[in-house]
Amino acid sequence: MGFPQNFLWGAASAAAQIEGAWDEDGRTPSIWDLMPPGKISKNETCHTACDHYHRWREDVEIMKRLGLKAYRFSVSWSRVIPAKGVINPKGMAFYRNLVDALTEAGIEPMITLYHSDLPQWVFEMGGWNDDKCVEEFAFYAKTMTEALSDKVKYWFTMNEPQCMLPDFQELAGGDATQIYRNMLLAHGKAIQEMRASAGQPLKIGMVVMGMVVEALPGIMTENKAAEMTFSDLGGYMTMLRWTDPILAGKVPESMKDVLSEEDMKIICQPLDLFCVNVYGSANFYDMPGRDNPLSYPGIPKSHIGMPFRPECMYYMAKFAWERYHLPILFTENGFSNIDFVMMDEKVHDPQRIDYIHRYLLSLRRAVEEGIPVEGYLYWSILDNFEWFKGYDLRFGLVYIDYPTQKRTLKDSAFYYRDVIASNGEIL
Ligand code: IFM
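Everything numeric in this text was worked out from a predicted model, so none of it was measured.

Colleague: Can you help me understand helix H2 (residues 52-66) in this one?
Modeller: Each full turn of the α-helix corresponds to 3.6 residues, which orients residues three or four apart in the same direction. Spanning 15 residues, H2 covers only 18 Å between terminal C-alpha atoms, well under the ideal 21 Å at 1.5 Å per step. The largest bend in H2 is about 40°, located at Glu-58. For H2, every residue scored as buried is listed here: His-52, Tyr-53, Trp-56, Asp-59, Val-60, Ile-62, Met-63 and Leu-66. Gly-67 lies just past H2 and shows a positive phi near 80°.

This is the structure we're talking about:
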């Protein structure tokens, strides 16, 4: 049976991680541009990153060469809205040109509105600690859909709010419950605005970080694994704390005093997809300071330390489908490796090829059981700026030599191209 004919094979990225041009054409800084010294590894910055802002044509050409069907990117909020109520035409033009080039290349553009890079001006207003942020985000969402929704069908309000909450708290302090509530309200209000101003019926979702517990014969039944996957025990990092309110209109027990009935009318807007980033299984992560009986010395991992567990794809799809009955879009999945350009001027990355191969086989199992999976987006199209960890970690299909900005397609890029061309038949 295999993957459906219209399966969206793609790749993903985020503005702060690739664009650079942090102070050009009217853009104002985001919190990542002004990170205090000592926070980011080796005090690296994202001021230039992959210089995608100037090299986007070359990058779209690469995507076209790979035969991508979809490309998910995020918009830099402070590039399009550099100050309260101000819309920057040059910032807008950048995204309009990108969308047009993608469409011309036959690549479905997908937009994430907020992928960690809060504008500094919003941060100074109190950021997610302050209710005003909800209105500012809704205004931003409306501005973007007014400008691009006739051309872009897929929209994601936020990426991994589970991780953004602690990142924001680390910088700004404040009350986690207040930040949580404001982020959920911002998501809901944004969708109201987006649906009202859309130029066509949109497919909207919120991207969560997939904390999936996989089933293990003799150790963990499927029922138990599903229950643990959607438990509320991990605080704000758990999926359920975000997905139940937005997708099922349910308030987790622990949040009963935080979200009111009135809040829920805003937060729970109809969504079209369950969007999830999955890298490994939660039951195999080493928890610092805690004994994990499933982890062992030398457990296969990526460079960033994520356990190599292809089964996570199958169980994520299965458990999410059983709980929410929405088509699933894998908005991120990928492998960080110690890549370099070798003597033959190529980047040989067999580990990444094996990773993609095995994770996709696991995904195919879900598809063949009849679970609707809309697409798979590899993280990431390019090596990029990995937040607090800087540039050492390489997730890309395309190698970036940062001093020269030269792009080299890794072996895995060619492998993924062949997977796409065969619609997964060569797996
Ligand atoms: O680089 C990040 C991305 O911004 C969000 N998801 C996980 C990726 C790898 O750590």
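Colleague: Any chance you could explain the site of the ligand here in plain terms?
Modeller: In the vicinity of the ligand, the contacting residues are Gln-17, His-115, Asn-159, Glu-160, Tyr-279, Ile-304, Glu-332, Trp-379, Glu-386, Trp-387 and Phe-395. The contact in question runs from an oxygen atom of the ligand to an N or O atom on the side chain of Gln-17, over 2.8 Å. Here an oxygen atom of the ligand sits 3.4 Å away from a polar atom, N or O, in the side chain of Trp-379. Look at the ligand: alone it shows 280 Å² of surface, and the protein chains cover 93% of it. With respect to the detected pockets, the ligand is housed in the largest pocket. For the shell around the ligand, the class distribution of residues is five nonpolar, three polar and three charged.

Colleague: Looking at this model, I keep getting lost on the packing of H2 against helix H4 (residues 89-104). Mind explaining?
Modeller: Helix packing geometry: the angle between the two helix axes and the distance between the axes. Where H2 contacts H4, the two axes come as close as 10 Å, and the packing angle between them is 10°. Here H2 lies roughly parallel to H4, going by the angle between them. Note on element contacts: H4 touches H2 through Lys-90, Phe-94, Asn-97, Leu-98, Ala-101 and Leu-102, opposite His-52, Tyr-53, Trp-56, Val-60 and Met-63. Residues belonging to the contact of H2 with H4 are distributed by class as follows: eight nonpolar, two polar and one charged.

Colleague: Explanation requested: the nonpolar core in the structure shown.
Modeller: For soluble globular proteins, nonpolar side chains are generally found buried alongside one another. Counting residues in each nonpolar core, the largest one holds 156 residues, and the members touching the most others are Trp-128, Phe-330 and Tyr-376. The biggest single contributor to this core is helix H8 (residues 176-197), with 10 residues. What Trp-128 contacts, discounting residues up to four positions off in sequence, is Trp-77, Tyr-114, Leu-118, Cys-133, Phe-137, Met-158, Phe-168, Gln-178, Ile-179, Asn-182, Met-183 and Ala-186.

Colleague: Any chance you could explain the pattern of salt bridges here in plain terms?
Modeller: Where side chains of opposite charge bring their charged atoms close, a pairing between them can arise. Under the definition given, this model contains 33 salt bridges. With its nearest N and O atoms 2.9 Å apart, the salt bridge here joins Asp-392 to Lys-42. Of this pair, Asp-392 sits in the loop between strand E8 (373-379) and strand E9 (398-401) while Lys-42 sits in the loop between helix H1 (15-18) and H2, and the two are 350 residues apart along the sequence. For Lys-42, a relative accessible area of 55% translates into the label exposed. Two residues, Glu-332 and Arg-72, come together in a salt bridge whose shortest N-O distance is 3.2 Å. Placement of the pair is Glu-332 in strand E7 (residues 328-332) and Arg-72 in strand E2 (residues 70-74), with a sequence separation of 260 residues. The structure contains a network of salt bridges with shared partners spanning Asp-339, Asp-349, Arg-352, Asp-383, Arg-394 and Lys-410.

Colleague: Looking at this model, I keep getting lost on the environment of Leu-148. Mind explaining?
Modeller: By the element assignment, Leu-148 lies in helix H6 (residues 132-148). Residue classification places Leu-148 among the buried positions, given a relative accessible area of 1%. Considering only alpha carbons, one finds Leu-148 and Val-99, 49 residues apart in sequence, at a separation of 8.3 Å. Beyond its immediate chain neighbours, meaning those up to four positions away, Leu-148 contacts Tyr-95, Arg-96, Val-99, Ile-111 and Trp-155.

Each value, and the rule that gives it
- Residues numbered from 1 in each chain as written.
- Predicted model: local features only at pLDDT ≥ 70, side-chain atom pairs only at ≥ 80, totals over all residues.
- Heavy atoms only, no water.
- Helix = DSSP H or I, 4+ residues; strand = E, 2+ residues; numbered from the N terminus.
- Expected span 1.5 Å × (residues − 1).
- Bend = angle between axes of the 7 residues up to and from the residue.
- Buried < 20%, exposed > 50% of the residue type's maximum accessible area, 1.4 Å probe, protein only.
- Near = heavy atom within 4 Å.
- Polar contact = N/O pair within 3.5 Å; in protein donor to acceptor, adjacent residues only side chain to side chain.
- Areas by Shrake-Rupley, 256 points an atom, 1.4 Å probe, with all protein chains shown as cover.
- 1 Å grid on protein atoms, 1.4 Å probe; cavity = no way out; pocket = protein on both sides within 12 Å on 5 of 7 lines; lining within 4 Å.
- Sits in = over half its atoms within 2 Å of the grid points.
- Nonpolar A, V, L, I, M, F, W, Y, C, P; charged D, E, K, R; others polar.
- Axes fitted to C-alpha atoms, helices over the stretch in contact; angles between N-to-C directions.
- Parallel < 35°, antiparallel > 145°, perpendicular 65-115°, else oblique.
- Contact = heavy atoms within 4.5 Å.
- Core = buried A, V, L, I, M, F, W, Y, C linked by side-chain atoms within 4.5 Å.
- Salt bridge = Lys/Arg side-chain N within 4 Å of Asp/Glu carboxyl O.

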